[in-house]
Amino acid sequence: MAAMKSLKTIAAARRWRQGIDTRVVLVPTMGALHHGHEALIRHARKIAGPSGIVVPSIFVNPTQFGPKEDFSAYPRPLAKDLATCRKAGADAVFLPGVAEMYAADASVSVLESSLSTTLCGRSRPGHFGGVCTVVAKLFLAVQPTHAVFGEKDWQQLAIISRMVRDLNFPIVIEPFATVREADGLAASSRNAYLTPAERELAPTIHAAMAESSKLKIPSAIEKSCTAAISKIPGARIDYIEAVDASTLASLPNRKSAGRLAVAVFLGKARLIDNIPLPRIP
Ligand code: PAF
């Protein structure tokens, strides 16, 4: 098996890409890879097939962090991340630095103006502009045929799919189901911020979501989930909303596919999660 290639510049990625005419499957990440990312890379390996190419990118993107968020403290365990990529079957890794990705006086960005205004977009202004801009740049540097995004960030997945549609990127977006710990907590780099006591409490969020989702009426689901999560000691609810799975607008009934989406602060960690609310014909 050929050694995994490290592509540190856009020019290197473009040169490398020129010689490839099979599937190229990108897995955008910010590093600090856990078993959820590993599953995304393994899924990319399946999509690529034996002759295709799997390329995770590792880039902690400054433009998607708010001024009071954890950009400088965000973990960057590069050697461990590279070992994870190798183990999961990556052929190359795109690892640009900040100066490579952003000119100091950069003044052009990609803004999605509808789906970004709700859920996390409300509490993290500018976040999805940063995500769209960096993902567009990753697409242009690596020129993948396919890109894998986790369903855990449902809003991000919906926004990137919209960006690909609206800007006509010739890329297939491949969603991948949320990877969970054995107790139901969604795998996330931010779980590392939980104290042992908070880690014990954290799965109650998913349990409350699963229990509430058994109800039929979206507003009743929101109410019951809010009541259950409010009882978790130290939990602070950012939002708990039943939304349309594609438009992310508030879900009036179960005639279309929905998602129950939540964001809850537990200590220093802001945990997000979502589960399907299937259409009831
Ligand atoms: O989901 C993430 O880790 C990031 O938002 C992404 C897609 C890698 C863009 O920086």
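Small disclaimer: the values here were computed from a predicted structure and weren't measured.

What counts and what doesn't
Residues numbered from 1 in each chain as written. Predicted model: local features only at pLDDT ≥ 70, side-chain atom pairs only at ≥ 80, totals over all residues. Heavy atoms only, no water. Near = heavy atom within 4 Å. Polar contact = N/O pair within 3.5 Å; in protein donor to acceptor, adjacent residues only side chain to side chain. Areas by Shrake-Rupley, 256 points an atom, 1.4 Å probe, with all protein chains shown as cover. Phe/Tyr/Trp six-rings, centres within 6.5 Å; stacked < 30°, edge-to-face > 60°. Helix = DSSP H or I, 4+ residues; strand = E, 2+ residues; numbered from the N terminus. Buried < 20%, exposed > 50% of the residue type's maximum accessible area, 1.4 Å probe, protein only. Lys NZ or Arg CZ within 6 Å of the ring centre and 35° of its normal. Core = buried A, V, L, I, M, F, W, Y, C linked by side-chain atoms within 4.5 Å. Contact = heavy atoms within 4.5 Å. Salt bridge = Lys/Arg side-chain N within 4 Å of Asp/Glu carboxyl O. Pairing = 2+ DSSP bridges. Axes fitted to C-alpha atoms, helices over the stretch in contact; angles between N-to-C directions. 1 Å grid on protein atoms, 1.4 Å probe; cavity = no way out; pocket = protein on both sides within 12 Å on 5 of 7 lines; lining within 4 Å. Points joined across faces, edges and corners; volume = space filled by probe spheres on them. Parallel < 35°, antiparallel > 145°, perpendicular 65-115°, else oblique. Left-handed = near helix turned anticlockwise from the far one by under 90°. Nonpolar A, V, L, I, M, F, W, Y, C, P; charged D, E, K, R; others polar.

Participant: Help me out: how do you make sense of the site of the ligand in this one?
Facilitator: The ligand sits among Pro28, Thr29, Met30, Asn61, Gln64, Val134, Phe149 and Gln156. Gln64 is positioned with one of its side-chain polar atoms (N or O) 2.6 Å from an oxygen atom of the ligand. When the ligand is considered free in solution it has 290 Å² of accessible area, and contact with the protein chains removes 88% of it.

Participant: Is there a simple way to explain the packing of aromatic side chains in this structure?
Facilitator: Geometry of an aromatic ring pair is reported as the spacing of the ring centres plus the angle between the planes. Enumeration according to the criterion identifies four aromatic pairs in this entry. Considering the side-chain rings of Phe59 and Tyr102, the 6.4 Å spacing of their centres and the 35° angle between planes classify their relative orientation as tilted. With Phe59 in the loop between strand E3 (53–58) and helix H3 (78–88) and Tyr102 in the loop between helix H4 (98–101) and helix H5 (120–123), the pair connects residues that are 43 residues apart, well separated along the chain. The same class applies to Phe59 and to Tyr102, which are both buried. Taking 5.4 Å as the distance between ring centres and 65° as the angle between the ring planes, the aromatic pair formed by Phe65 and Phe71 counts as edge-to-face. For Phe71, a relative accessible area of 25% puts it in the partly exposed group. Each residue in the set Phe65, Phe71 and Tyr74 is aromatic and connected to the rest through ring pairs, giving one cluster. The ring centre of Phe265 lies 4.2 Å from the NZ or CZ of Arg236, which sits over that ring.

Participant: Which parts of the structure should I look at to understand the nonpolar core?
Facilitator: In summary, soluble globular proteins display a tendency toward joint burial of nonpolar side chains. The biggest cluster of nonpolar side chains holds 46 residues, and the ones touching the most others in it are Trp16, Phe94, Phe139, Ile160 and Ile173. A per-element tally of this core places helix H6 (residues 127–142) first, with 10 residues. The contacts of Trp16, once residues within four sequence positions are left out, are Lys5, Leu7, Val24, Ile53, Val55, Ala92 and Val142. Of all hydrophobic cores here, the second largest spans 21 residues; its members include Ala202, Ile240, Ala242 and Leu251.

Participant: I tried to follow the pattern of salt bridges on my own but got confused; where do I start?
Facilitator: Pairing is possible between side chains that carry opposite charge, provided their charged atoms lie close to one another. Tallying each qualifying case throughout the model produces 12 salt bridges. Among the salt bridges present, the one from Arg45 reaches Asp91, with a minimum N-O distance of 2.8 Å. Residue Arg45 is located in helix H2 (residues 35–48), and its partner Asp91 is located in the loop between H3 and strand E4 (92–94); the two are separated by 46 residues in the primary sequence. Arg45 sits in the partly exposed class, given a relative accessible area of 22%.

Participant: Could you clarify how one ought to interpret the sheet that holds strand E9 (residues 269–277) in this entry?
Facilitator: The strands making up a sheet associate through backbone hydrogen bonding, with each pair oriented either parallel or antiparallel. Strand order in the open sheet formed by three strands is E7-E8-E9, and the pairing between neighbours is antiparallel. Each of the sheet's edge strands pairs with one partner strand only, and the pair in question is strand E7 (235–244) and E9. Neighbour-to-neighbour, the strand axes of the sheet open up by a mean angle of 15°, direction not taken into account. This element, helix H9 (residues 203–212), spans strand E8 (258–266) and E9 of the sheet and lies at about 25° to E9.

Participant: Could you clarify how one ought to interpret the layout of surface pockets in this entry?
Facilitator: The rolling of a water-molecule-sized probe over the atoms marks out the regions of remaining empty space. One number sums up the size of the second largest pocket: a volume of about 240 Å³. Lining of the second largest pocket is provided by 15 residues; of these, Ile58, Phe59, Val60, Arg76 and Pro96 occupy positions nearest its centre.

Participant: In this structure, what is going on with the packing of H6 against helix H7 (residues 154–166)? I would like to understand it.
Facilitator: To characterise two packed helices, one gives the angle between the axes of the helices and the distance between these axes. One way to put it is that H6 packs onto H7 with a least axis distance of 10 Å and a crossing angle of 55°. The orientation of H6 relative to H7 falls into the category oblique. Where H6 crosses over H7, the handedness of that crossing is right-handed. Contacts between H6 and H7 involve Phe128, Val131, Cys132, Val135, Ala136 and Phe139 from the former and Gln155, Gln156, Ile159, Ile160, Met163 and Val164 from the latter. A per-class count over the contact of H6 with H7 returns 10 nonpolar, two polar and no charged.

Participant: Looking at this structure, how should I read the side chain of His34?
Facilitator: As for its position among the elements, His34 is in the loop between strand E2 (24–29) and H2. In terms of polar contacts, His34 uses its side chain to reach the backbone amide nitrogen of Gly36, at 2.9 Å. Every residue in contact with His34, bar those within four places of it in the chain, is listed here: Ala187, Ser188 and Ser189.

Worth remembering: the numbers are spatial, not functional.
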